[in-house]
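What follows is the residue order along each chain.
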Amino acid sequence: MAADKQNEAKVSPMDENKENLSDGGLGLEILQIIKESQQQHGLRHGDYQRYRGYCSRRLRRLRKTLGFKMGNRHKFIGKKITVEMLSDSRYLLLVLMEAERAWSYAMQLKQEANTEPRKRFHLLARLRKAAKHSEKLEKLCESHRVDAKTKLEAQAYTAYLSGMVEFELQEWKRAMEAFNKCKTIYEKLASAFTEELAVLYRQRVDEISPNIRYCAYNIGDQNAINDLMQMRLTGGGGGMMAEKLEALITQARTKQAATMSEVEWRGRTVPVKIDKARIFLLGLADNEAAIAQASNEETKEHLYETLLAECRDTIQAVREELKSEAKQRERSTDADSGKVSNLQFLHSYLTYIKLCTLVKRNESMAHTLQDKLKEPETDESKRGPRPQDLIRLYDIILQSLAELSTLQGLEDDHTFQKEVSLKTLVYKAYRCFFIAQSYVLVKKWSEALVLYERVLKYAKEVQSKAKSLNNSLKDLPDVQELIAKVNAEKYSLQAAAILDTDETAEVPSQQQVKDNTPLCNRLETFRLDPALVGKQPNLVQFPPDFQPIPCKPLFFDLALNHVAFPPLDDKVEQKGKGGLTGYIKGIFGFGS
């Protein structure tokens, strides 16, 4: 909330003073004001409640600034803005904000009406009130005090909100007339003013066009469905129109699905009895064609996500049928119980479509990242794509291919298994190539060179196996182009390794430090070792190892055994024989 108020303080004075007095009248850039306010206050993320709160706060500030108070805190006194009061363009802005507040409340209720249908009545009341405020703005702009451009913008704004009311009421003819009037005015304004304003007017025309074609389709123009499909490809028809467009396409496919009864895949015809699967398979070709014709990467990504979501829902419906079928097969004793059932084979087919779509989506994202890698970085503060991002994408592709090879019913299809293994080799080569690129960035030349050799090995293996599977390489990346790129990278890698002298000196140093050889033992070789100038230089080994030394000799006196010593009896004191008397004297000390 505090951030919103700070933004309001920044933009409000600019918007409130947008007056054009060149014609001698008041001016208000209606479309520009509402577009800037919507983008800065919630509508960029579809938060209509936040935008509604902003409109309420801005209305309060405008009334306070203009002294246009509706009574006091005790009593409400309604006031109307009249033509005589138009001395400031902010009076027109006041009415415009009232219309925007009612419109944003209606859009908020429309989001909530998906789960609470009763809110649709409140939604229609808010839309009518927004249209009423816009009509009031148009009448005020008819005054001679307002310039011609503001008059036209007010008419277009009124036509737009009136068309929204009729569109919700499903009054297709009147809604189409209102939208056509709005479109005509904005097209005229786009051709009459500067390019900056013309872009804004053309964007509004693009927003209105899907509504016009949808109204035409409901009136009876069957060709309008083709135009709506093209608008879907170009990303038009956002907001509530997108939901109606998807519902219309599903309805058209449901009518056609009644005629579809079976599908053929890998030489086997499978009956399709589930309605959801029929609708999905019927629209599969249209979805793939839409992806191929997508104008930009954002639209293509959106279509891929839509197709994958539909595929997951269909697989879930088939899986539920498989559970009931499994219970029935447990009770029966069919001789063909080992054979894959039609429903299981249909499940494998839908899983195949999902995994192939995942591979194509990630490959498309990889191509986009590769193009960005080739572009020079203009903004150093913003992180650009790295080879590591591509490695992750190719990991997902390889995981999808591994799941493809384990699909039930295709274990004995040797052609299919060979195709999957060939695709796996191709994407392994590309993944290995970008791993090598990531090593080049950190100047690990030897590792990168080994990986480049591995890429060439994969590529040559693909070329040798592709001779028997020529049709499998149509949708795969060009391996020959990868080989040429690897050969070029190898030469540049060798040149970089030679020129980078600092790194070549550090490589053996790192190897030397790993075996913990101290400096005193490698004095004969010169190496730059950063550890020698650090806090713990490896100069000598401490404590030193034990070293063998000669033993101290032991001398043995062998002559002693042959020496005859003289008798010493006269030197030794003879002990007397005292008996008991001597013993007693010895005890009491008499003999000492």
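Within each chain, residue numbers correspond to sequence positions counted from 1 in written order. Only residues with pLDDT of 70 or above have their local features reported here, since the model is predicted, and side-chain atom pairs are shown and tallied only from 80 upward, although totals for entire chains, interfaces and linings are computed over all residues. Based on all heavy atoms of the structure, the side-chain values leave hydrogens and waters out of the count.

Novice: Account for the overall build of the protein chain, naming residues and giving values.
Specialist: Comment: elements are numbered from the N terminus, with helices defined as DSSP H or I runs of at least four residues and strands as E runs of at least two. Looking only at helices and strands, the protein chain features 19 helices and 2 strands. Throughout, exposure labels follow a simple rule: accessible area from a 1.4 Å probe, protein chains only, divided by the maximum for the residue type, with under 20% read as buried, over 50% as exposed, and the rest as partly exposed. Each of the 592 residues in the protein chain was classed as buried or not, and the buried ones make up 41%. All accessible areas in this document rest on Shrake-Rupley with a 1.4 Å probe, and a residue is counted as covered only by the protein chains that are shown. Here the protein chain displays about 36,400 Å² of accessible surface, and carbon together with sulfur accounts for 52% of that area.

Novice: Tell me about unusual backbone geometry, residues and numbers included.
Specialist: Phe-542 connects to Pro-543 through a cis peptide bond whose omega is -5°. The topology assignment puts Pro-543 in the loop between α18 (501-514) and α19 (579-588). Positive phi, normally seen in glycine, also occurs at Arg-266, with a value near 55°. Tracing the sequence through the fold places Arg-266 in the loop between β1 (262-265) and β2 (268-271). Arg-266 sits in the partly exposed class, given a relative accessible area of 32%. Although it is not a glycine, Lys-443 adopts a positive phi angle of roughly 60°. On the secondary structure map, Lys-443 appears in the loop between α15 (414-441) and α16 (445-465).

Novice: Any chance you could break down the pairing of β2 for me, citing the residues and the numbers?
Specialist: As paired strands, β1 and β2 are joined by 4 bridges and run antiparallel to one another. Opposite Val-263, over in β2, you have Val-270 as the bridge partner. When DSSP locates at least two bridges between a pair of strands, those strands are taken to pair.

Novice: Describe in detail a nonpolar patch on the surface, supporting the description with residues and values.
Specialist: Patches were defined on residues exceeding 30% relative accessible area and lacking a salt bridge, with like-charge contacts within 9 Å and nonpolar side-chain contacts (Val, Leu, Ile, Met, Phe, Trp, Tyr) within 5 Å. Salt bridges are defined as contacts in which a side-chain nitrogen from Lys or Arg sits within 4 Å of a carboxyl oxygen from Asp or Glu. Among the surface-exposed residues, Leu-554, Phe-556 and Leu-558 lie close enough to one another that they form a single nonpolar patch of about 420 Å² accessible area. Note on placement: Leu-558 falls in the loop between α18 and α19. With relative accessibility at 61%, the residue Leu-558 sits in the exposed group.

Novice: Describe in detail the packing of aromatic side chains, supporting the description with residues and values.
Specialist: In this analysis, rings of Phe, Tyr and Trp, with Trp reduced to its six-membered ring, are considered paired at centre separations within 6.5 Å, and the interplanar angle assigns stacked below 30 degrees, edge-to-face beyond 60, and tilted for intermediate values. Under the defined criterion, the tally for this structure stands at 18 aromatic pairs. Relative to Trp-172, the ring of Phe-167 lies with its centre 5.4 Å away and its plane at 85°, an arrangement referred to as edge-to-face. The residues Phe-167 and Trp-172 share a single accessibility class, namely buried. Ring geometry for Trp-265 against Tyr-352: centres 5.0 Å apart, planes inclined by 40°, an arrangement best described as tilted. Of this pair, Trp-265 sits in strand β1 while Tyr-352 sits in helix α13 (residues 342-374), placing them 87 residues apart in sequence. One aromatic cluster in this structure is built from Tyr-394, Tyr-427, Tyr-430, Phe-433, Phe-434 and Tyr-452. Lying across the ring of Phe-68, Lys-79 places its NZ or CZ 5.8 Å from the centre. Here, over-ring charges are defined by two tests on the NZ atom of lysine or the CZ atom of arginine: distance to the ring centre within 6 Å, and angle to the ring normal within 35 degrees. It is Arg-204 that lies over the ring of Tyr-160; its NZ or CZ is 4.3 Å from the centre.

Novice: I'd love a proper account of the pattern of salt bridges, names of residues and values included.
Specialist: Within this structure, the stated rule accounts for 18 salt bridges. The partner of Glu-29 in a salt bridge is Lys-149, and the shortest N-O contact between them spans 2.9 Å. Remark: Lys-149 occurs in helix α6 (residues 148-168) and Glu-29 occurs in the loop between α1 (2-16) and α2 (30-40); sequence separation between them is 120 residues. Just as Glu-29 is buried, Lys-149 falls in that class too. One salt bridge connects Lys-35 with Glu-207, and the closest N-O pair in it is separated by 2.8 Å. With a gap of 172 residues between them, Lys-35 in helix α2 and Glu-207 in helix α8 (residues 195-219) connect regions that are remote in the sequence. Salt bridges sharing partners connect three or more residues here, namely Lys-35, Arg-204 and Glu-207.

Novice: How would you explain the packing of helix α7 (residues 172-192) against α8 if you had to name every residue and give the values?
Specialist: Two elements in contact, α7 and α8, have axes separated by 9 Å at closest approach and are oriented at 155°. If you check the angle between α7 and α8, you find them roughly antiparallel. Crossing of α7 against α8: the hand is left-handed. In terms of residue class, the contact of α7 with α8 is built from 17 nonpolar, 4 polar and 5 charged. Interaxial angle, 0 to 180 degrees, is taken between N-to-C directions of lines fitted to C-alpha atoms, where a helix line uses only the stretch in contact. In what follows, roughly perpendicular refers to angles from 65 to 115 degrees, roughly parallel to angles under 35, roughly antiparallel to angles over 145, and oblique to any angle outside these ranges. The sense of a crossing depends on the near helix, which, turned anticlockwise from the far helix by less than a right angle, makes the crossing left-handed and, turned clockwise, makes it right-handed. Under the scheme applied here, ten amino acids are nonpolar (Ala, Val, Leu, Ile, Met, Phe, Trp, Tyr, Cys and Pro), four are charged (Asp, Glu, Lys and Arg), and all others, including Gly, are polar.

Novice: Describe the side chain of Ser-364, with residues and values.
Specialist: Residue placement: Ser-364 occurs in helix α13. For Ser-364, a relative accessible area of 14% gives the class buried. A distance of 3.5 Å separates polar atoms of two side chains, one belonging to Ser-364 and the other to Glu-297. Contact criterion: two residues are considered in contact whenever any of their non-hydrogen atoms come within 4.5 Å of each other. Leave out the neighbours within four places in its chain, and Ser-364 touches Glu-297, Lys-300 and Tyr-304. Identification of polar contacts relies on pairs of N or O atoms within 3.5 Å, with a donor-acceptor requirement for protein atoms, meaning one able to donate a hydrogen and the other able to accept it, and with residues adjacent in sequence counted only if both atoms are side-chain atoms.

Novice: Could you give an account of helix α4 (residues 90-112), naming the residues involved and the relevant values?
Specialist: When the terminal C-alpha atoms of α4 are compared, their 33 Å separation across 23 residues agrees well with the 33 Å that a helix rising 1.5 Å per residue should span. Buried residues dominate α4, accounting for 20 of its 23 residues. Here the expected length of a helix is defined as 1.5 Å per residue gap, with one fewer gap than residues.

Novice: Tell me about the pairing of β1, and name the residues and values.
Specialist: The side-chain alternation of β1 yields one buried face, formed by Val-263 and Trp-265, and one unburied face, formed by Glu-262 and Glu-264. Where β1 folds back onto β2 in an antiparallel hairpin, the turn is made up of 2 residues, including Arg-266, whose phi is positive at roughly 55°.

Novice: Describe the nonpolar core, listing the residues and the values that go with them.
Specialist: Across soluble globular proteins, nonpolar side chains have a tendency to be buried as a group. Remark: nonpolar core denotes a set of buried residues (Ala, Val, Leu, Ile, Met, Phe, Trp, Tyr, Cys) joined through side-chain atoms within 4.5 Å. Membership of the largest hydrophobic core comes to 72 residues, with the highest contact counts inside it found for Leu-281 and Leu-346. Among the elements of the structure, β1, α11 (275-292), α12 (297-331), α13, α14 (387-404), α15, α16 and α17 (479-499) are those that each provide at least two residues to this core. The dominant element in this core, judged by the number of residues it contributes, is α15, at 13 residues. An automatic or database domain assignment supplies the residue ranges for each domain. Each of domain 2 (260-328 + 341-373) and domain 3 (392-499) accounts for three or more of the residues forming this core.

Novice: Report on α2, specifying residues and quantitative values.
Specialist: Within α2, 8 of the 11 residues are buried, which leaves the element mostly enclosed by the surrounding structure. Three or more residues of α2 are buried, namely Ile-30, Leu-31, Gln-32, Ile-33, Ile-34, Lys-35, Ser-37 and Gln-38. Just downstream of α2, Gly-42 is the residue with a positive phi angle, here 115°.

Novice: Describe the environment of Asn-538, and please don't skip the residues or the numbers.
Specialist: If you trace the backbone, Asn-538 turns up in the loop between α18 and α19. By relative accessible area, Asn-538 is classed as partly exposed at 28%. Along the sequence, Asn-538 and Pro-518 sit 20 residues apart, while their C-alpha atoms lie 5.1 Å from each other. Excluding residues that lie within four positions of it along the chain, Asn-538 makes contacts with Asn-516, Thr-517, Pro-518, Leu-519 and Leu-532.

Novice: Hey, could you go over the confidence of the model for the protein chain for me, with residue numbers and the actual values?
Specialist: Here the protein chain shows a mean pLDDT of 79. Residues at 70 or above account for 79%. The model gives residues 501-514 a pLDDT under 50, and that stretch makes 12 contacts with residues more than four places away or in other chains. Every residue is assigned a pLDDT by the predictor, reflecting its confidence on a scale from 0 to 100.

Novice: Describe the environment of Asn-362, listing the residues and the values that go with them.
Specialist: With respect to the helices and strands, the residue Asn-362 is situated in helix α13. Between the C-alpha atoms of Asn-362 and Arg-392, which are 30 residues apart in sequence, the distance is 9.6 Å. Excluding residues within four positions of it along the chain, Asn-362 makes contact with Leu-393, Ile-396 and Ile-397. Within the structure, the side chain of Asn-362 is placed 2.8 Å from the backbone oxygen of Leu-358, a separation counted as a polar contact.

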